[in-house]
Amino acid sequence: MEVPLSTWPWGNLGSFKYLLYGPLLAKWLYSRYQEDNIKETWCLHILIICLLRSSMHHTWNAFSSMLFLTRNRRINKDGVGFKQIDNEWDWDNFILLHGIMGSIVFYMLKDLINIPLWDFKGFLAVAILHIAISEPLYYFLHKKFHGSYLFNHYHSLHHSSPVLQPFTAGHATLLEHIILAAVMGIPILGTCFMGYGSIIMIYGYILIFDCLRCLGHSNFEIIPHQLFQAFPTLKYLLYTPTYHSLHHTEMGTNYCLFMPLFDVLGNTLNPKSWEMHTKLSLESGKNGRVPDFVFLAHVVDLTSAMHVPFLFRSFGSKPFSTRLFLLPLLPFAFVVMLVMWAYSKVFLNSFYNLRGRLHQTWVVPRFGFQYFLPFAAEGINNQIEQAILRADRLGVKVISLAALNKNEALNGGGTLFVNKHPNLKVRVVHGNTLTAAVILKEIPENVTEAFLSGATSKLGRVIALYLCRRQVRVLMLTSSTERFQKIQKEAPAEYQKYLVQVTKYEAARNCKTWIVGKWITPREQSYAPKGTHFHQFVVPPILSFRRDCTYGDLAAMRLPEDVQGLGSCEYTMERGVVHACHAGGVVHSLEGWTHHEVGAIDVDRIDLVWAAAMKHGLKPVSSLKKTD
């Protein structure tokens, strides 16, 4: 049974909860057309403050999630998983609550309080009231909430987040945020009743309050220890992320709001606070833990660039799809793309842990269209090469190349780098062996004929060679008889007859298994008979045009269930699912294979790699998708 004030009254509204801001907006709009109410701008101020508070938390969360800046300063090295993200989904409930409470209080007292734009005395007054009332009041109540009853029924929710993030600051029960509103409101109302209140003071105090709350929950140490060495007294006046993280790991200590002075006075100061802070600060310039495996990805397009976990965590934790709210951000994304093109290097985007091994995703700062610009090829290869050499220096065991990073025309599927640097200790992997296996294992055993476009590509070649051994007649779409015959000769003599060259899509009018390795138009799809299933390994995926057919997604595999700290989706993949080339690198790492996997795919290794993937708990993902 739920205890009073432990849940939110709008908990079941989902995104519709934001409609509760509607009355404030309506009140402000109405006042603009009423001459006698033209001064009633308090509704607008509350809306702006709510927006700024939300932006404050989003900015802090973005900063803390920029692993390329914070990875060596992180306090808790674990990743933020999907479970924590979902639990903290409505972290901003408190902003709505405080907006409603602020509206009620101001509406009741607006005739008693005159608030100018600026009053310097107000900043002194609010600081004194905060130190004299808010800090000790919060300390006292916080200790009470760590008592058995209050903790079990209320405060345990806040402590349920295993990895602190700025959004964790808002993850608490209704009662706690009502109390927090009082802790914030006392200095503001006190200053206003003293006659020193001002609009800038209210904005400033609330935003500084939120900034410090985010600081404490940011999970990376940003305050240098030299600051406290130069000003020893300051460490009693300002807490640090390390200080507050100790409260979450060793409860019973460090209860203060922002000022450790009250923990000193209450004898609840964790004795490791300053030592741990100094250690983290000193080690911030050193390289952290070396990953065992790196997946080297790239940006697809402008909209998918905003799918990174450090921009919108909620968006990045779901499969990518174009959203309307992203459209106004496209000009900003375009500018960022230009800056990345000119200055950026490969950067760390995300990570997860699997069976004691650290797996990271690095991103080449290039967009999909740039890979098809002839003058950009050298620069892209330089970026990939530097990433491989960096991985080699660090001691990474396996680096897997994503999609366009292993393009045959660009670098021969990775052979360029292996040939140029024959003494690499890191294993370079294109992962296409597992990609081919995923596609091939989706094709039913009773299939006797398949149509294959992109037939002479790296994947097309190995798919054709594998299927012909299964005595499947493969219609290979290619205009190059020379390339077709070269592939045909690679097949055992008794199976060569199963490989058939075709030059037009019309040749597949009676074939219900289409394997698409080259983008095809709706008109070309129209030649497929009713009931056709389109398997595909083309990037981007083809349009789902036919209602009477089914379409497969790109080859993918679900990571083992014991994966930890995974909190972002890989492009359009579902949670916990990665592209097959990513999974291929994972298998290569888990197996401890010492060979490079670059260039042409060895058809004899397909079943071996598939068996290894199954052994380690990776699971195939059904790609069946109907257009309706």
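As shown above, the structure is provided for reference.
Read on for a plain summary of the structure. What you are looking at is a predicted structure, and each value in this text was computed from that prediction instead of being measured. (Residues numbered from 1 in each chain as written. Predicted model: local features only at pLDDT ≥ 70, side-chain atom pairs only at ≥ 80, totals over all residues. Heavy atoms only, no water.)

All right, on to helix α5 (residues 93–109) then. Taking 1.5 Å of rise per residue, the 17 residues of α5 would be expected to cover 24 Å, and the 25 Å separating its terminal C-alpha atoms lies within 8% of that figure. Residues Asn93, Phe94, Ile95, Leu96, Leu97, His98, Gly99, Ser103 and Leu109 constitute the buried set of α5. Each element contacted by the buried residues of α5 is listed here: α1 (22–32), α2 (42–65) and α8 (174–193). (Helix = DSSP H or I, 4+ residues; strand = E, 2+ residues; numbered from the N terminus. Expected span 1.5 Å × (residues − 1). Buried < 20%, exposed > 50% of the residue type's maximum accessible area, 1.4 Å probe, protein only. Contact = heavy atoms within 4.5 Å.)

Burial in helix α24 (residues 606–615) covers these residues: Ile606, Val609, Trp610, Ala612 and Ala613. Seen from one end, α24 has its buried residues packed into an arc of 160°, which puts them on one side. Looking at the buried positions of α24, the neighbouring elements they touch are α19 (432–442), α20 (458–469), β12 (556–558), α23 (580–591) and β14 (619–620). (Arc of directions from axis to C-beta.)

Further remarks concern the nonpolar core. With 59 residues, the main nonpolar core has Leu434, Ile463, Leu467, Leu499 and Ile515 as its most contacted residues. The dominant element in this core, judged by the number of residues it contributes, is α20, at 8 residues. Beyond its immediate stretch of four places on either side in the chain, Leu499 contacts Ala464, Leu465, Cys468, Val474, Met476, Phe484, Ile487, Gln488 and Ala491. Counting residues in each nonpolar core, the second largest holds 30 residues, with Cys192, Phe220, Ile223 and Cys256 among its members. (Core = buried A, V, L, I, M, F, W, Y, C linked by side-chain atoms within 4.5 Å.)

Quick look at the sheet that holds β14 now. Read from one edge to the other, the open sheet built from 3 strands follows the order β13-β12-β14, with strand pairing classed as antiparallel. Both edges of this open sheet fall to β13 (577–579) and β14, since each of them pairs with a single strand only. Here β12 runs beside β13; their pairing, made up of 3 bridges, is antiparallel. Counterpart to Arg558 in the pairing with β13 is Val577. (Pairing = 2+ DSSP bridges.)

Inspection of the entire model under this criterion finds 17 salt bridges. The salt bridge partner of Glu449 is Arg473, with a shortest N-O separation of 2.5 Å. Placement of the pair is Glu449 in strand β6 (residues 449–452) and Arg473 in strand β7 (residues 473–477), with a sequence separation of 24 residues. In this structure Glu449 comes out as partly exposed when scored by relative accessible area, which is 23%. The closest approach of N and O atoms between Glu561 and Lys619, which form a salt bridge, is 3.2 Å. Here Lys619 lies in strand β14 and Glu561 lies in the loop between β12 and β13, a separation of 58 residues in the sequence. Since its relative accessible area comes to 70%, Glu561 is described here as exposed. (Salt bridge = Lys/Arg side-chain N within 4 Å of Asp/Glu carboxyl O.)

Take empty space enclosed by the protein next. In total, this model carries 2 cavities of 30 Å³ or more according to the counting rule given. Each pocket or cavity is described by its volume, and for the largest cavity that value is around 270 Å³. Lining the largest cavity are 20 residues, and of these Tyr138, His155, Glu176, Leu180 and Arg213 lie nearest its centre. Looking at the lining of the largest cavity, the elements that each hand over two or more residues are α6 (120–145), α8 and α11 (241–249). (1 Å grid on protein atoms, 1.4 Å probe; cavity = no way out; pocket = protein on both sides within 12 Å on 5 of 7 lines; lining within 4 Å. Points joined across faces, edges and corners; volume = space filled by probe spheres on them.)

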